[in-house]
There are 2 protein chains.
Amino acid sequence: MAEGEQGVKKEEEEGQVVNPWEVSAGKGGIDYDKLVDQFGCQRLDAALVDRVARLTGRPPHVFLRRGLFFAHRDFSDILDLYEKGEKFYLYTGRGPSSEALHLGHLIPFMFTKYLQEAFKVPLVIQLTDDEKFYWKNLTVEESKRLAHENAKDIIACGFDVDRTFIFTDFGYVGGAFYENMAKVARCVTYNKAVGIFGFSPEDHIGKCSFPPVQAVPSFPSSFPHLFPGKDQLRCLIPCAIDQDPYFRMTRDVAPRIGYQKPSLIESRFFPALQGENTKMSASDANSAIYVTDSTKEIKTKVNKYAFSGGQDSIELHRKLGANLDVDVPIKYLNFFLEDDDELEHIKKEYKEGRMLTGEVKQRLIAVLSELVARHQRARAQVTDEMVDAFMAVRPLPKMFS
Amino acid sequence: MAEGEQGVKKEEEEGQVVNPWEVSAGKGGIDYDKLVDQFGCQRLDAALVDRVARLTGRPPHVFLRRGLFFAHRDFSDILDLYEKGEKFYLYTGRGPSSEALHLGHLIPFMFTKYLQEAFKVPLVIQLTDDEKFYWKNLTVEESKRLAHENAKDIIACGFDVDRTFIFTDFGYVGGAFYENMAKVARCVTYNKAVGIFGFSPEDHIGKCSFPPVQAVPSFPSSFPHLFPGKDQLRCLIPCAIDQDPYFRMTRDVAPRIGYQKPSLIESRFFPALQGENTKMSASDANSAIYVTDSTKEIKTKVNKYAFSGGQDSIELHRKLGANLDVDVPIKYLNFFLEDDDELEHIKKEYKEGRMLTGEVKQRLIAVLSELVARHQRARAQVTDEMVDAFMAVRPLPKMFS
């Protein structure tokens, strides 16, 4: 069976919906095990994490060693080749649907930055302004403006301009990229696209035109200014697992048009403050911490909205301890508190009732405030000229060094 | 009812199929009257032809005065505005599916050249190499090569490089053109596209991605190097009537995205040598006269294949005369013999049995041989540099003069 066969319908039957436009959990949160089985991807196990550490000569990223990036497709192939001295390139992206990014949006970029540094490889970042024009009620101009603003937040994550090409679809589609779009489109029937993405016949044709646009950055020939003569260079895509349908389709098509299948490394969703049942929503400001939030706002949101696994009274809490499985502050610390020992300590103390929710939230507020303040300082340094520099269609002579 | 509502199904029920990929007649040839009613376009009457003559100060083109361009959409609006001193631009195109063009392929270009000269207006010519990649079993490279070769034949028709921009989709899609594609795509549901174009769910998604590509040259903002600040400039599209579905769709969408509807002037099909039931087929060399044919080949094809309305024996012919309604040599002369008096004389003599099929064919061979030889001489003068000059993305400062 082709990789793309596991479609939208099956997910719906089983009570959770995960596709690029909708993530909603059944009872008890997203069932990631079921998702891996449904999508047909592979689990990212400890042996693979150890291998990354060994090959890169540095400790694996928090997101990796704590299982937040938890699934993959052929990541081990990339490592096999890397071990033999072959390089690859990274591809990630964002749909620019909002002015400000929330913490969940930062996850793939923080992780991609780590991969870029650890493996010393080039990176392409796609801003799908066309996608947001198709799916949201935005004008072309507004989609493009949001892409430009989002690019600043992405650059603020610390990417190396000598190894990074950022592009928007409205700006870059054309030429070799458009040729590859056509090659992909010719290999995907409408029925197949419906099976993968759940389009309806009353959806506009922009929707079924779009998947090839997100597919083709997986192919080095889409970037003749970066990878001339390197049509077989492998591509690794770090992304949240809701993007998997695009790349199931891409991997299905790739060998039919003479290209390598991209590899993937896929993350869980960063939970909403209210709990794990969905990923955060850009449309509900109280569901998420934004990179534009002040320390005061962070404090209010965490204290007021972060779902607690602690007990209703101090007495009961001291006696029963916290339920870490549903506790949002612990989940957030799991993403952002780098010190493994401290995290383990907090989890133990909290679970056994010696630490109170308020104390855990205090620590989280400190961690997030520092993270957000650091981002805001970096963001303030990003000029329009820097955006232009990252977006210039240019060779990157030092991209593999 | 929107203009696009008259779909493929209705045509099929009535025994003739006319869409951009298939033209097949019911019994007795294409019923053009029915087509005009089905498509919802307007008949191009003598009063409109006279008006063109008056406004341009030159006799109307043979194709116009003999009713070969026979239908239109809002062509009179274009003339109203022209009379008030407002200019417009022309848009025509070709799907480059074959190495050599046949006479039927030349019709829109010969007519467009006349319009360009008569009205002194700019012209954009789209070569849909992406369409042919989608619909024919061609590689991207072969589609692009055919587009380049076809461009030479088009240039050989005598277009003015100071008023003409030729582009291929693989070369030009992107930027403002791609933004307009997205705007059109967002206004057309898949169901609507199926109604207009007859796509099946087992067709690949390239097919339903394509109509916006052919739609957007109708909008001046797709050519920012030609028409900056002239977003409301009107567009006139000369084409064969099988292209009407694209522009029904385009006209339906235009006001919803703030653009003018393009106007159309539409031709009958140039008949195959074997008769009027279809347009010529690029895949059957004996169904058509090619611009690459030698005089000898033209002579053989006309004598051997051109369907005659004459009688079976000379005696019978002298008595009954020819049936001009089905006679292909007369139809061809109707397109290409410019002298109205001579044509009328031939038709009368032939119809009344005084002229024989062989004699009419002799005259046709002379006319076609001269036309084709002239084309071949012009084609031989067209260099790759000239193709580059026509295709350069550049302003055309003298395009309205």
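Use the structure listed above.
Below is a short write-up of the structure. (Residues numbered from 1 in each chain as written. Chains lettered and ligands numbered in written order. Predicted model: local features only at pLDDT ≥ 70, side-chain atom pairs only at ≥ 80, totals over all residues. Heavy atoms only, no water.)

1. Some thoughts on the pattern of salt bridges
- Scanning the model with the defined rule gives 60 salt bridges over all chains in all.
- Linking B:E99 and B:R145 is a salt bridge whose minimum nitrogen-to-oxygen distance equals 2.7 Å. Highlighted residues: B:E99 in the loop between β5 (88-94) and α6 (103-119) and B:R145 in helix α8 (residues 140-155), separated in sequence by 46 residues.
- Overall, the relative accessible area of 41% leaves B:E99 in the partly exposed class.
- Connected through salt bridges with shared partners, the residues A:R51, A:R54, A:D80 and A:E83 form a single ionic network. (Salt bridge = Lys/Arg side-chain N within 4 Å of Asp/Glu carboxyl O. Helix = DSSP H or I, 4+ residues; strand = E, 2+ residues; numbered from the N terminus. Buried < 20%, exposed > 50% of the residue type's maximum accessible area, 1.4 Å probe, protein only.)

2. Focus on the sheet that holds strand β6 (residues 123-127) of chain A
Residue and element names in this part refer to chain A.
- In spatial order, the strands read β3-β4-β9-β8-β5-β6-β7; together these 7 strands make up an open sheet with mixed pairing. Among the strands making up the open sheet, the edge pair consists of β3 (42-43) and β7 (164-168).
- Relative to strand β8 (residues 234-240), strand β5 (residues 88-94) runs parallel, the two being bridged by 3 bridges. Across the sheet, residue Y89 finds its bridge partner in β8, namely C235.
- Taken strand by strand, helix α14 (residues 244-253) contacts β4 (69-73), β5, β8 and β9 (263-267), and its axis lies near 165° from that of β9.
- Running at roughly 100° to β7, helix α20 (residues 384-391) makes contact with β6 and β7 of the sheet. (Pairing = 2+ DSSP bridges. Contact = heavy atoms within 4.5 Å. Axes fitted to C-alpha atoms, helices over the stretch in contact; angles between N-to-C directions.)

3. What to know about the pairing of strand β6 (residues 123-127) of chain B
Residues and elements named next belong to chain B.
- Burial within β6 is extensive, with 5 of its 5 residues counted as buried.
- Burial along β6 is two-sided: the residues L123, I125 and L127 and V124 and Q126 are all buried.
- Bridge analysis of β5 against β6 gives 5 bridges, and the strand direction is parallel. Pairing of T92 across the sheet is with I125, part of β6.
- Regarding the hand of the β-α-β motif, the stretch spanning β5, α6 and β6 is right-handed.
- Where β6 meets strand β7 (residues 164-168), 5 bridges bridge the pair, whose relative direction is parallel. By the bridge assignment for β7, V124 is matched with F165. (Right-handed = clockwise from strand over helix to strand, strands pointing away.)

4. Here we look at the packing of α6(B) against helix α19 (residues 357-380) of chain B
All names here are of chain B.
- Relative to each other, α6 and α19 sit at 70°, their axes nearing to 13 Å. Classified by the interaxial angle, the pair formed by α6 and α19 is roughly perpendicular. Seen from above, α6 lies across α19 with left-handed handedness. Contacts between α6 and α19 involve L103, L106 and M110 on the former and, on the latter, L368, L371, V372 and H375.
- Here the residues of the contact of α6 with α19 sort into 6 nonpolar, 1 polar and no charged. (Parallel < 35°, antiparallel > 145°, perpendicular 65-115°, else oblique. Left-handed = near helix turned anticlockwise from the far one by under 90°. Nonpolar A, V, L, I, M, F, W, Y, C, P; charged D, E, K, R; others polar.)

5. Quick word on the relation of the copies chain A and chain B
- Once chain A has been moved 0.0 Å along the axis and rotated by 180°, it coincides with chain B to within an RMSD of 0.0 Å. On this basis, the relationship between the two copies can be described by a two-fold rotation axis.
- When you check the interface residues of chain A against chain B, 100% turn up at the interface there too, and the contact is symmetric in its surfaces. (Least-squares fit on C-alpha atoms with pLDDT ≥ 70 in both.)

6. Topic: the sheet that holds strand β3 (residues 42-43) of chain B
All names here are of chain B.
- With mixed pairing, 7 strands are arranged side by side in an open sheet as β3-β4-β9-β8-β5-β6-β7. Two strands bound the open sheet, and with one partner strand each, they are β3 and β7.
- The sheet strands contacting helix α20 (residues 384-391) are β6 and β7, and the helix crosses β7 at an angle near 100°.

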